[in-house]
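# Structural overview for review
One letter stands for each residue in the lines below.
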2 protein chains.
Amino acid sequence: MIFIVICCFLGIKKTASRILFLFFWCSLAISAALAQPDPLPSWTAGEAKQSIVKFVSAVTESGGRDYVPPSERIAVFDNDGTLWSERPASVETRFILDQIQAHRPRLIKAKSRSWLLAALRNDVDSILEAGELAFVELTMATHVDRTTDEFDKVVKDWLATAKHPHFRRPYTDCTYQPMMELMNYLRANGFKTYIVSGGGADFVRCFSESIYGVPPEQVIGTVIKLRFALRDRKPVLVRMPKVNFVDNKAGKPVAIFEHTGRRPIAAFGNSDGDLEMLQWVTSGPGARFGLLVHHDDADREFAYDRISRIGKLDKALDEAKTRGWTVISMKNDWNNVFSFSPPY
Amino acid sequence: MIFIVICCFLGIKKTASRILFLFFWCSLAISAALAQPDPLPSWTAGEAKQSIVKFVSAVTESGGRDYVPPSERIAVFDNDGTLWSERPASVETRFILDQIQAHRPRLIKAKSRSWLLAALRNDVDSILEAGELAFVELTMATHVDRTTDEFDKVVKDWLATAKHPHFRRPYTDCTYQPMMELMNYLRANGFKTYIVSGGGADFVRCFSESIYGVPPEQVIGTVIKLRFALRDRKPVLVRMPKVNFVDNKAGKPVAIFEHTGRRPIAAFGNSDGDLEMLQWVTSGPGARFGLLVHHDDADREFAYDRISRIGKLDKALDEAKTRGWTVISMKNDWNNVFSFSPPY
């Protein structure tokens, strides 16, 4: 096209000024084509950003020593604390507690456990104290016997209005801008991005595509048992009061392999719940990449690590050194945390 | 490019013969570009073929009433008896029995059940008689404590040499040619094809990509429990003596939803084991497609349906009428069954 334009232009009349203009025009076009906009503008220039770009270049360089074919370029991301904020309580915890309130009359009659009472009091601290089991049982208390379609609607309706108590905007806005850029950057380089969450797969699937660009079939998470049933000859899948699989800690590599039959080449997490996933992913053959998001920014988000009830980062932080994982400081490695800025 | 060639040609000298030659050359190029080769040459012209083409046209017609966006064009295929032959015993049954022989010395000591004795005698009939449980336990007897990588190698080594007892060629050659064309046709129309097998997911994944073009992450199947372990600080996944999920009958829709978070729009099966999958897939909103492969070709393959120990097709065959599923006759609807022809 450019060539045709040049030919026509030269064909009409040759003058020095026209050639000069043409030269200027061509240089402009060439430099625009060559200038690659920074795919990671929210990342400060530094070792963390360099390590990401270096890895991606290595696995995508055709004919290079570390080249990985696109079908095997799989990257797995933890969700809470890695892609969006998990404080003061995870989004799913808030969802469940709001649901408990919605089911209040029925649950008051059925109450039997201390954490159900705590939930009815909207006492988040006691729920977090009670741990995983309490959380799972609360989920069941509100959503047993719902069909998968019904549950999907409840979650989407809740997300449409619920707001983060600290950042004062919809939860779906509270995603980390640098991590969104990172996911896009990886996908632009032929990677398939998966979410591997300790949260419910069916919960995360309600927003994974719209906010992260990750389709539901690339979401791996905790699953409760489903039952196939015919209702008026119409088949439905019904949620049962039984956890099928908890996708946390050593469960993460198991779930990834069961889901994909592959070992990913890059893993991103933020807590000890991601330790085994990072160990497994980064110890495969060839180039591998592991990254931990370190929450050290009390001004723009929250600061927590070794002693924390949510997203504790202790063993994984130690192991990062010996295994060569990139530990990023939210404070120093990120220009922006969110698409919005404090004060909130 | 063509335009440039024409221009050069015309520029040299205009003569009537040259224009005629050019006209001939262009018509040839245009007709070659317009002629669509039949994407389903192994299907005879008839209702079955028409129903497939009609459905694909409906869901891909931009702006049409039944249009489905590519991300939701998901098609699920049973494997044994739908994509390849399951007679005289399924390929995985043969694999397990060969493995039993390979582990003979150890198993003779450990033998405790009648079907293990039967397996040691290579008595396929008794194994099939004993049913699903026997099959699963035989699998465990041979592959417990292997890592996933080790198991993968054992299966691939076996497939490289094992031959089908009736067709006398590698099992991986015994795929149904019309179904291979159908999968390609769907993919060419933006569909994502999944295998949903009652067989082991890790077994099917060893050949799904090379023979069906289905990557491992699009294989759903029966899974045994895996355990994450560190061996010399190296993480591995180890097979445990416990079935995690049986992907058959009502398990199929459950597994599809857990894996993908979606309800596919087309399902392909051949037995009552696929009944619930077909019911669920075809009763969703919008255009849906269900198909049953009916084994009625004793000359080119096998003939069996209502009374059969393998791939029994009884209830699903009745329900096909009321639910509007396409039932294809291998004998009448397929020009070829395999890429090779009898005598075998």
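For the structure, check the block above.
About the thresholds
- Residues numbered from 1 in each chain as written.
- Chains lettered and ligands numbered in written order.
- Predicted model: local features only at pLDDT ≥ 70, side-chain atom pairs only at ≥ 80, totals over all residues.
- Heavy atoms only, no water.
- Pairing = 2+ DSSP bridges.
- Helix = DSSP H or I, 4+ residues; strand = E, 2+ residues; numbered from the N terminus.
- Axes fitted to C-alpha atoms, helices over the stretch in contact; angles between N-to-C directions.
- Contact = heavy atoms within 4.5 Å.
- Phe/Tyr/Trp six-rings, centres within 6.5 Å; stacked < 30°, edge-to-face > 60°.
- Buried < 20%, exposed > 50% of the residue type's maximum accessible area, 1.4 Å probe, protein only.
- Least-squares fit on C-alpha atoms with pLDDT ≥ 70 in both.
- Buried area = accessible area lost by both parts, 1.4 Å probe.
- Salt bridge = Lys/Arg side-chain N within 4 Å of Asp/Glu carboxyl O.
- Polar contact = N/O pair within 3.5 Å; in protein donor to acceptor, adjacent residues only side chain to side chain.

### Side note on the sheet that holds strand E3 (residues 219-231) of chain B
All names here are of chain B.
- Strand order across the open sheet formed by seven strands is E4-E3-E2-E1-E5-E6-E7, with mixed pairing between neighbours. The open sheet has two edge strands, strand E4 (234-245) and strand E7 (326-329), and neither has a second partner. Averaged over all neighbouring strand pairs, the angle between strand axes comes to 30 degrees, with direction disregarded.
- Contacts between helix H14 (residues 275-282) and the sheet are confined to strand E1 (74-77), strand E2 (192-200), strand E5 (266-269) and strand E6 (289-294), with E6 contributing the most and set at about 155 degrees to the helix.

### Topic: the packing of aromatic side chains
- Evaluation of the coordinates by the stated rule reveals 44 aromatic pairs over all chains.
- Between Phe207 of chain A and Tyr212 of chain A the ring centres are 6.3 Å apart and the planes differ by 65 degrees, which places this aromatic pair in the edge-to-face class. Each member of the pair, Phe207 of chain A as well as Tyr212 of chain A, carries the same accessibility label: buried.
- Both rings, one in Trp158 of chain B and one in Tyr171 of chain B, keep their centres 5.4 Å apart while their planes meet at 20 degrees; by these two values the pair is stacked. Taken together, the residues Trp158 of chain B in helix H9 (residues 148-161) and Tyr171 of chain B in the loop between H9 and helix H10 (177-188) connect sequence positions 13 residues apart. Of the two residues examined, Trp158 of chain B and Tyr171 of chain B, each falls in the buried class.
- Each residue in the set Trp43, Phe167, Tyr176, Phe302, Trp334, Phe338, Phe340 and Tyr344 of chain A is aromatic and connected to the rest through ring pairs, giving one cluster.

### Observations regarding the relation of the copies chain B and chain A
- Mapping chain B onto chain A is achieved by rotating through 180 degrees and translating by 0.0 Å along the same axis, at an RMSD of 0.0 Å. Taken together, these values place the two copies in the relation of a two-fold axis. Within chain B, the C-alpha atom positioned nearest to the axis of rotation is that of His259 of chain B, 3.4 Å from it.
- Of the interface residues in chain B, 100% have counterparts in chain A that sit at the interface too, so the contact is made through matching surfaces.

### Remarks on the interface of chain B and chain A
- Contact with chain B, which involves 38 residues of that partner, is made by 38 residues of chain A.
- Carbon and sulfur atoms make up 52% of the area that chain B and chain A hide from each other, which totals about 3300 Å².
- Counting the surface chain B buries against chain A, the share from its top three residues, Glu217, Phe228 and Glu258 of chain B, is 19%.
- Inspection of the region where chain B meets chain A yields eight salt bridges.
- Measuring nitrogen to oxygen at the nearest pair gives 2.8 Å for the salt bridge that ties Arg262 of chain A to Glu217 of chain B.
- For the interface between chain B and chain A, the tally reads 17 residue pairs in polar contact (both at pLDDT 80 or more).

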